[in-house]
Amino acid sequence: MSCIYNNLNLIDLNDYPVAWWEKLLELGHKISLDPSAYSESCKGKIMGTLFYEPSTRTQMSFQTAMLRLGGTIIGFDNPATSSVAKGENIKDTTKIVSGYADIMVMRHPTAGSVKAAALTADCPVINAGDGGHLHPTQTLTDLLTLREEKGRLDGLTIGCCGDLKNGRTVHSLIKAMSCFKNNKFVLISTKELALPAYIKDVLSAGGHSYTEVSSLDEAVGTLDVLYMTRIQQERFSSKEEYERQKGCYILDNKKMAMAKKDMIVMHPLPRVDEIAVEVDSDDRAAYFKQAKYGMYIRMALILTMLDKDQKPLPVITGREHKHLICSNPGCITHKETYLPHYFRGEGTLLECEYCDERTLVE
Ligand code: NCD
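Residues numbered from 1 in each chain as written. Predicted model: local features only at pLDDT ≥ 70, side-chain atom pairs only at ≥ 80, totals over all residues. Heavy atoms only, no water.

Before going further, it helps to examine the sheet that holds strand E3 (residues 72-76). With parallel pairing, four strands are arranged side by side in an open sheet as E3-E2-E4-E5. The open sheet has two edge strands, E3 and strand E5 (125-130), and neither has a second partner. Strand-to-strand twist in this sheet, taken as the mean axis angle between neighbours without regard to direction, amounts to 15 degrees. Note: strand E4 (residues 103-108) against E5, four bridges, orientation parallel. Residue Met106 lies in a different strand from E5, and its bridge partner there is Asn127. Along the sheet face, helix H3 (residues 90-100) touches strand E2 (46-51), E3 and E4 and points at about 155 degrees away from the line of E4. (Pairing = 2+ DSSP bridges. Helix = DSSP H or I, 4+ residues; strand = E, 2+ residues; numbered from the N terminus. Axes fitted to C-alpha atoms, helices over the stretch in contact; angles between N-to-C directions. Contact = heavy atoms within 4.5 Å.)

Here we come to the domain arrangement of the protein chain. Partitioning the protein chain into structural domains gives domain 1 (13-136 + 294-305), domain 2 (137-292) and domain 3 (319-360). For domain 2 versus domain 3, the separation of C-alpha centres amounts to 29 Å. Each partner contributes residues to the interface: domain 2 has four residues there, and domain 3 has four residues. Counting the surface lost from both domain 2 and domain 3, the interface buries some 290 Å², and carbon and sulfur atoms represent 39% of this. The three residues of domain 2 that bury the most area against domain 3 are Lys175, Tyr198 and Asp201, which together make up 91% of that side's buried surface. The interface formed by domain 2 and domain 3 contains one salt bridge. Residue Asp201 is joined to Arg358 by a salt bridge in which the shortest nitrogen-to-oxygen separation is 2.9 Å. (Domains from an automatic or database assignment. Buried area = accessible area lost by both parts, 1.4 Å probe. Salt bridge = Lys/Arg side-chain N within 4 Å of Asp/Glu carboxyl O.)

Residues of helix H7 (residues 197-205) that are buried: Tyr198, Ile199, Lys200 and Leu203. Just downstream of H7 lies Gly207, where phi reads positive at about 70 degrees. (Buried < 20%, exposed > 50% of the residue type's maximum accessible area, 1.4 Å probe, protein only.)

Of all hydrophobic cores here, the largest spans 58 residues; its most connected members are Ile174, Met177, Leu301 and Ile302. At 10 residues, the largest contribution of residues to this core is made by helix H11 (residues 287-305). In this structure, this core is formed jointly by two domains, domain 1 (13-136 + 294-305) and domain 2 (137-292), each of which donates at least three residues. Setting aside anything within four residues of it in sequence, one finds Ile174 in contact with Cys160, Phe185, Leu187, Leu195, Ile199 and Leu203. (Core = buried A, V, L, I, M, F, W, Y, C linked by side-chain atoms within 4.5 Å.)

Direction vectors running N to C along H3 and helix H4 (residues 113-120) enclose 55 degrees, while the axes themselves pass 9 Å from each other. It follows that H3 is oblique to H4 by the angle criterion. Here H3 runs over H4; the crossing is right-handed. Every residue of H4 that contacts H3 at Ile90, Lys91, Thr94 and Lys95 is listed here: Ser113, Ala117 and Thr120. The class makeup of the residues in the contact of H3 with H4 is two nonpolar, three polar and two charged. (Parallel < 35°, antiparallel > 145°, perpendicular 65-115°, else oblique. Left-handed = near helix turned anticlockwise from the far one by under 90°. Nonpolar A, V, L, I, M, F, W, Y, C, P; charged D, E, K, R; others polar.)

Below, the discussion takes up the side chain of Glu274. Note that Glu274 resides in the loop between strand E10 (264-266) and H11. Here Glu274 occupies a buried position and makes no salt bridge, while the nearest side chain of opposite charge, Arg230, is found at 6.1 Å. Here His267 takes part through its side chain, which lies 2.7 Å from a polar atom of the side chain of Glu274. Separated by 3.1 Å, the side chain of Glu274 and the backbone nitrogen of Val272 make a polar contact. Setting aside its immediate chain neighbours within four residues, Glu274 contacts Met228, Thr229, Arg230, Tyr249, Ile250, Leu251 and His267. (Lys, Arg positive; Asp, Glu negative; His and termini not counted. Polar contact = N/O pair within 3.5 Å; in protein donor to acceptor, adjacent residues only side chain to side chain.)

Structure, rendered in structure tokens:
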């Protein structure tokens, strides 16, 4: 078994034990009470933000977090203005930036791309969203929101509604919440936008109860938390396919009237039309507060990732299978063909180290 170690990275929250998340949440909470007490904590440190995909909250909250910690930032938010436009691969771009910066935050449209960068980077790498795969720092934001607004991370009935197939925030959130006791999941989507099998397997393996329904009206009254998501237009293979799904769920005051008095509504944002603006003035709408918690938890994360006492984790725990091709055509290994083909597990069904999809060994 190979073990590639380099820096402390955050690619998938579930690479770390729950105790590590809890420490981060505690620090995020402390920072939220008095952010100015940390204004010199990262003096002299530089954060590189490489955003190959559009972003408002994730990018700006990371940048604000570093500035509030006394550090500075470099990076791009449009790869067209960097050498990526000249055809530079991920490995070269991230290798260079990781030599300039002390910590790097990266968002990319392809699953597994941030792990690919972490293989060769010279500084800690944080996954700010890799295609439709994972979004661990949104999950940290969501966990801090639940802790502050619901007072607990267990014993909750959580409804996830919308594009559960392509919504990376839901994938990361379900993986994380399944580590706490007695959480129940209600998966509200059309058949076409159902949760991928590898995330359902996480639920089944942990013995968690989940139901799949297509009607938000039927489910809303049973929930402690409603996590709404946008239909991810950019991840559809055709415009017609998106048009068929668009507008399938809309939360409005009529539906809110059927919900529990203490249910909270979360959304990673941006919203398109899935939450009517009239819901914003309902006390149970938590999504704007949620975005602010994102800044505090990212301050806590930057501090933790730059802490020299933290122990790096292995980036790769499986091994190379030179001739095995990942079954997921959307995996980074299909685009950046120099990448070694790393898989986890033994036997005939192996898990891709980059995108987590399973591939059958012939
Ligand atoms: C989400 C994302 O980028 O995955 N946004 C965010 O980071 N707050 C959700 C989305 O784009 O729908």
